[in-house]
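Architecture and fold: a report
Below are the chains, spelled out letter by letter.
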Amino acid sequence: MTKTHLGHRARKRFGQNFLHDTFVIDAIVDAINPQKDEQLVEIGPGLAALTEPVCDRIDHLTVVELDRDLADRLEQHPFLQQKLTVYRGDALKTDFHQFQQDGQKLRVFGNLPYNISTPIIFHLLNQMDAIADMHFMLQKEVVDRLAAEPGTKAYGRLTVAVQQACMVEPVLAVPAGAFTPPPKVESAVVRLTPYTEPPHPVHDFRTLQKLCLVAFNQRRKTIRNNLKQHIAEEQLEALGIDPGARPETLSVADFCRLANWYYENQGAL
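Just so it is clear, the model here is predicted, and its values are computed rather than measured.

What follows is about the packing of aromatic side chains. For the structure shown, the criterion picks out four aromatic pairs. Where tyrosine 87 meets phenylalanine 99, the ring centres are 5.2 Å apart and the plane angle is 80 degrees; that geometry is what we call edge-to-face. Taken together, the residues span a long stretch of sequence, with tyrosine 87 in strand E6 (residues 84–88) and phenylalanine 99 in the loop between E6 and strand E7 (106–111) at a distance of 12 residues. Between tyrosine 155 and phenylalanine 216, the aromatic rings sit 6.2 Å apart at their centres with planes inclined by 70 degrees, giving edge-to-face as the arrangement. Separated by 61 residues along the polypeptide, tyrosine 155 in the loop between helix H5 (140–146) and helix H6 (157–165) and phenylalanine 216 in the loop between helix H7 (205–215) and helix H8 (223–227) bring together distant segments of the chain. Take tyrosine 155 and phenylalanine 216: they sit in the same class, and that class is buried. Each residue in the set Tyr87, Phe96 and Phe99 is aromatic and connected to the rest through ring pairs, giving one cluster.

Below, the structure is given as structure tokens:
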């Protein structure tokens, strides 16, 4: 029997695990620190565990909710309906620019469904010009990947793409017991703050993403092998990269150099 929470059954297909631990909820809202003059957008508000305390501090909040029952419940919520704009849709297909007013950047947060957290982050990375910062509850393993150093097991294409665009700060570890139903994994909250001037600029962010996808496709192979269809060995050496190195040993700066060379000489990947 699936557990219900306030009469709503958690749906596996939406990856729903509802947050109920008030100590954890308060710590997350304090980390976000919402202010009245800011534009905040919550992804997947669920049963409003974060929505309610955030709305206690601000006058208006936009929420993106795919589950029809939950969207209905939020629109009819006795305390929140005056403060909420409920956008019914899939965050993965949503253009977040539409939520901006007067060109002000958005503060985006949410307890992301674990099965789509990485695609959502990639989707938002392509809309960085609209975003001031992001606070997400994620699987701890994903937060470890976001914050990873080169040469570690957790370091990969997600690390490179996110660290090129954002400062990454793990904020809080969250035990499984803070959720209903409790997930089988540990969780953590991370703050991602887009750089106004990235330390390693790229000409074309999608080329960087695609190059990383190819480079990390077979982690055990060398960068020479993985990129041989795209960049010759001599060119790797000319860019100061050891062709015999494994992809996870290359720094974010290395990948940005590769992506920029490729874009300048071959066009977008």
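Let us keep going from here.
Here we come to the pairing of strand E5 (residues 61–65). Most of E5 is tucked away, with five of its five residues classed as buried. Because side chains alternate across E5, one face comprises the buried residues Leu61, Val63 and Glu65, and the other comprises Thr62 and Val64, equally buried. Note: strand E4 (residues 39–43) against E5, three bridges, orientation parallel. Within E5, the residue paired with valine 41 across the bridge is threonine 62. Here five bridges tie E5 to E6, and the two strands are oriented parallel to one another. Counterpart to glutamate 65 in the pairing with E6 is arginine 88.

Moving on, we get to the UniProt feature "binding site: S-adenosyl-L-methionine" (unreviewed entry) in the chain. Those residues carrying the UniProt feature "binding site: S-adenosyl-L-methionine" (unreviewed entry) are Asn17, Leu19, Gly44, Glu65, Asp90 and Asn111 in this numbering. Looking at where leucine 19 falls in the secondary structure, it is placed in strand E3 (residues 18–19). Not counting residues up to four positions away in its chain, the partners in contact with leucine 19 are Val24, Ile25, Ile28, Ala49, Leu50, Asn111, Met137, Ala178 and Phe179.

All right, on to the packing of H6 against helix H10 (residues 252–266) then. Orientation of H6 relative to H10, taken along the N-to-C sense of each, is 90 degrees, at an axis distance of 10 Å. One finds that H6 runs roughly perpendicular with respect to H10. Residues Val160, Gln163 and Gln164 of H6 form the contact with H10, whose participating residues are Val252, Phe255 and Cys256. Classifying every residue of the contact of H6 with H10 by side-chain character gives four nonpolar, two polar and no charged.

Put simply, the chain has an average pLDDT of 91, and 94% of its residues get 70 or more. Confidence, expressed as mean pLDDT per element, reaches its minimum in the chain at strand E1 (residues 4–5) with 40 and its maximum at E4 with 98. Note on residues 1–15: pLDDT is under 50 here. Beyond four places in sequence and across chains, it has 36 contacts.

Attention shifts here to the UniProt feature "domain: Ribosomal RNA adenine methylase transferase N-terminal" (unreviewed entry) in the chain. Following the UniProt record, the feature "domain: Ribosomal RNA adenine methylase transferase N-terminal" (unreviewed entry) maps to residues 24–196 here. Annotation note: span residues 24–196, helix share 28%, strand share 28%, distance between end C-alpha atoms 30 Å.

The next subject is the nonpolar core. Membership of the largest hydrophobic core comes to 57 residues, with the highest contact counts inside it found for Phe96, Leu125, Phe136, Leu146, Phe255 and Leu258. If you tally residues by element for this core, the top one is H10, at seven residues. If we skip the residues at most four places from it in the chain, phenylalanine 255 touches Tyr155, Val160, Leu208, Leu211, Cys212, Ala215, Phe216, Ile223, Pro247 and Leu250. Counting residues in each nonpolar core, the second largest holds 26 residues, with Val24, Cys55, Leu61 and Val189 among its members.

Analysis parameters
Residues numbered from 1 in each chain as written. Predicted model: local features only at pLDDT ≥ 70, side-chain atom pairs only at ≥ 80, totals over all residues. Heavy atoms only, no water. Phe/Tyr/Trp six-rings, centres within 6.5 Å; stacked < 30°, edge-to-face > 60°. Helix = DSSP H or I, 4+ residues; strand = E, 2+ residues; numbered from the N terminus. Buried < 20%, exposed > 50% of the residue type's maximum accessible area, 1.4 Å probe, protein only. Pairing = 2+ DSSP bridges. UniProt positions renumbered as here; feature names shortened; annotations may be inferred. Contact = heavy atoms within 4.5 Å. Axes fitted to C-alpha atoms, helices over the stretch in contact; angles between N-to-C directions. Parallel < 35°, antiparallel > 145°, perpendicular 65-115°, else oblique. Nonpolar A, V, L, I, M, F, W, Y, C, P; charged D, E, K, R; others polar. pLDDT = per-residue confidence, 0-100. Core = buried A, V, L, I, M, F, W, Y, C linked by side-chain atoms within 4.5 Å.

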